[in-house]
Structures are given as C-alpha cells and as structure tokens.
Amino acid sequence: MYRWYNGREHWHTMDDIEICLEPGVFHPRWFLTTRTFVDFAKTKIEANNTVLELGAGNGLLALSCSKMGGIVTASDINPAAVSSIQRSAERNGLELKVIASDLFAAIPAQSFDFIFINPPYFAKAPTNDQERAFLCGENFEYFKALFSQLKAYKESTVYFILTDACDLPSISAIAQQNNSELIPIQRRKTWGEEHCIYMLQETKHEQAQSIQER
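Read on for a plain summary of the structure. Here the structure is a predicted model, which means the values were calculated and not measured.

### Some words on the overall build of the chain
Here's step 1: Along the backbone of the chain there are seven helices and nine strands.
Here's step 2: Computed over C-alpha atoms, the radius of gyration of the chain comes to 17 Å, within 12% of the 17 Å expected from 2.2 N^0.38 for 214 residues, which places it in the range of a compact globule.
Here's step 3: Its C-alpha atoms give the chain principal-axis dimensions of about 50 × 40 × 35 Å.
Here's step 4: Classification of the 214 residues of the chain by burial places 49% in the buried group.
Here's step 5: Across the chain, every contact between residues at least 6 apart in sequence was considered, and the portion connecting residues at least 24 apart equals 58%.
Here's step 6: Accessible area for the chain stands at about 10800 Å²; split by element, carbon and sulfur atoms hold 49% of it.
Here's step 7: One finds the centroid of the 20 positive side-chain charges in the chain at a distance of 3 Å from the centroid of its 26 negative side-chain charges.

Here you go:
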C-alpha cells in the first residue's frame, strides 16, 4: 500500500504547513520520527538562529524552523525532495535556502547554530535516491562520511534522531573513531517504536585538545 501511495504526488498539511510530497519523498504520517524531531526542534529554535536540516526529505522540520523565524537551509541528495521543499516553501510563503547536496558536498562553507539530522541507518547498499533515505550502506558508509565531515562544524549544535531499530553500537563506534560521541537527551515511545534524540559532542580528549589549540 505504501509503495502505491508513495508513487503519487500528494499535498499534506501538518502544523498549518502545507507539504508537497513528490513521488519518492517520505510522508511524515508514515514515518513518525519526523513528528518527534519537529516537536523537539520547536523547543530549541529562536528567531534568527541559523539552521541546517541535512537530508531534509519532506522538509517539515526546515519549514517549521523558518516559520519560527530561523534562517534556514535544507539539503537533500534526492532531486524529488529538493523540488518538494522548494514548492512547499513557495506555497507557504516561507523563506529558506534549498540545496541539492550529498551530505555537505554542495553546501557553502558557513557556520550554523543548529544542524538537525534524521539519518538513514539500515545497513544495506541503496540502489536509488529514495532508498538513500533509509539505507546507509552495507558498512555504514553514510555515517563514516558524515562524522568525518562534521568535524568542520564543531561550533554547531548537532542533533540526531534514531530509533531502537538501528545498530546504535556500530554508529556510536564510527562517531568515536572521529573523536565524537552521541549523547542521548530525549526519548519518546510512539506506536511501538522508541525514538531517541542525540546531541553530537566531542570526546573529552578532543575537547581538551581544542582548548589547548585556542
């Protein structure tokens, strides 16, 4: 049923925001981490905060942050997601920058107050753009690239959302290999699955090194 539904274009309203969902873009009604992450982001964002939603998918979090007065960038590797977010922003009269990018590759060097990431975490190789939203590679290649690139954003507050279905030990090990650790800060149980929001933090050794370098 979901494949049939997801193969058609839809408009969906959530939080008084109309969201365009082109074929291949996940619907927030079916994937509940979006709802949890948006609710969390609303407790953090203030007007004029700079925000990046990396791998934004349907873009609801980015659009919500823009509605709250944030200065927002949304990125995704999937052209359908990029187009959907652009159309949603236009429909709702919201201002945000939308970038087609594989992780940070096409995002101009800049600082962000907050970076929000709802990552793929199933260990299998994706075969198309839609699968990149939930498959992170057989050997967690997505996370290896992501944690390496996040080293350039030490001044940003970075939040992840994961579920109890992910291989957290493997993901945490990759973070630690890049001198970072995932600190759990909120848990929520929704329809039989547990959502956990993590903040990315430098390891104590790396923090001490950074202080010395300053």
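### Let's talk about the side chain of His 12
Here's step 1: By the secondary structure assignment, His 12 is in strand E1 (residues 10-14).
Here's step 2: Leaving out residues up to four positions away in the same chain, His 12 has contacts with Ile 17, Glu 18, Ile 19, Leu 21, His 27, Pro 28 and Arg 29.

### Quick notes on the state of the cysteines
Here's step 1: In total, this model carries zero disulfides according to the counting rule given.
Here's step 2: Take Cys 65: it sits in no disulfide, and the sulfur closest to it among the cysteines is that of Cys 196, at 19 Å.
Here's step 3: We note that Cys 136 lacks a disulfide partner, and the nearest cysteine sulfur, in Cys 166, lies 9.4 Å from it.

### Considering the pattern of salt bridges
Pairing between side chains becomes possible if they bear opposite charge and their charged atoms approach one another.
Here's step 1: Counted by the stated rule, this structure contains ten salt bridges.
Here's step 2: Note that Arg 91 and Glu 18 form a salt bridge whose closest N and O atoms lie 2.9 Å from each other. Of this pair, Arg 91 sits in helix H4 (residues 79-92) while Glu 18 is found in strand E2 (residues 17-21), placing the two residues 73 residues apart along the sequence.
Here's step 3: Looking at Glu 18, the relative accessible area reads 30%, which means it is partly exposed.
Here's step 4: Its salt-bridge partner being Glu 202, residue Lys 154 comes within 3.7 Å of it at the nearest N-O pair. In this pair, Lys 154 sits in the loop between helix H5 (141-149) and strand E7 (157-163) while Glu 202 sits in strand E9 (residues 193-202), placing the two residues 48 residues apart along the sequence.
Here's step 5: For Lys 154, a relative accessible area of 40% gives the class partly exposed.
Here's step 6: Overall, Glu 202 belongs to the buried group, its relative accessible area being 18%.
Here's step 7: Via salt bridges that share partners, Asp 15, Arg 35, Asp 39, Lys 42 and Arg 188 belong to a single interconnected network.

### Points about H4
Here's step 1: For H4, with 14 residues, the first-to-last C-alpha span of 20 Å sits near the 20 Å given by 1.5 Å per residue.
Here's step 2: Where H4 is buried, its residues meet E1, E2, helix H3 (60-67), strand E4 (71-76) and strand E5 (97-100).
Here's step 3: The residue sitting at the N-terminus of H4 and contributing the capping side-chain oxygen is Asn 78; that oxygen lies 3.0 Å from the backbone nitrogen of Ala 80.

### Details of the pairing of E2
Here's step 1: Counting buried residues along E2, four of its five residues qualify, which places the element largely inside the surrounding structure.
Here's step 2: Pairing geometry for E1 and E2, over five bridges, is antiparallel. Looking at E2, one finds that Met 14 is bridged to Ile 17.
Here's step 3: From the end of E1 to the start of E2, which pair antiparallel, there are two residues, and Asp 15 there has a positive phi angle of about 55 degrees.

### Description of the sheet that holds strand E6 (residues 114-117)
Here's step 1: Taken together, seven strands build an open sheet; the order of strands is E5-E4-E3-E6-E7-E9-E8 and the sheet is mixed. Since the sheet does not close on itself, it has two edges, and those belong to E5 and strand E8 (180-190), each with one partner. This sheet shows a mean twist of 20 degrees between the axes of neighbouring strands, independent of strand direction.
Here's step 2: Examined bridge by bridge, E4 and E5 share four bridges and lie parallel to one another. Bridge pairing links Asp 76 to Ala 100 in E5.

### Comments concerning the packing of aromatic side chains
Here's step 1: Taken as a whole and assessed by the stated rule, the structure comprises twelve aromatic pairs.
Here's step 2: On the basis of an interplanar angle of 15 degrees and a centroid distance of 6.3 Å, the ring pair of Phe 114 and Tyr 159 is categorised as stacked. Taken as a pair, Phe 114 in strand E6 and Tyr 159 in strand E7 lie far apart in primary sequence, 45 residues in all.
Here's step 3: Its guanidinium or amino end placed over the ring of Trp 11, Arg 91 lies 3.8 Å from that ring's centre, counting from NZ or CZ.

Calculation rules
Residues numbered from 1 in each chain as written. Predicted model: local features only at pLDDT ≥ 70, side-chain atom pairs only at ≥ 80, totals over all residues. Heavy atoms only, no water. Helix = DSSP H or I, 4+ residues; strand = E, 2+ residues; numbered from the N terminus. Rg over C-alpha atoms; globule rule 2.2 N^0.38 Å. Buried < 20%, exposed > 50% of the residue type's maximum accessible area, 1.4 Å probe, protein only. Contact = heavy atoms within 4.5 Å. Areas by Shrake-Rupley, 256 points an atom, 1.4 Å probe, with all protein chains shown as cover. Lys, Arg positive; Asp, Glu negative; His and termini not counted. Charge placed at Lys NZ, Arg CZ, Asp CG, Glu CD. Disulfide = S-S within 2.5 Å. Salt bridge = Lys/Arg side-chain N within 4 Å of Asp/Glu carboxyl O. Expected span 1.5 Å × (residues − 1). Polar contact = N/O pair within 3.5 Å; in protein donor to acceptor, adjacent residues only side chain to side chain. Pairing = 2+ DSSP bridges. Axes fitted to C-alpha atoms, helices over the stretch in contact; angles between N-to-C directions. Phe/Tyr/Trp six-rings, centres within 6.5 Å; stacked < 30°, edge-to-face > 60°. Lys NZ or Arg CZ within 6 Å of the ring centre and 35° of its normal.

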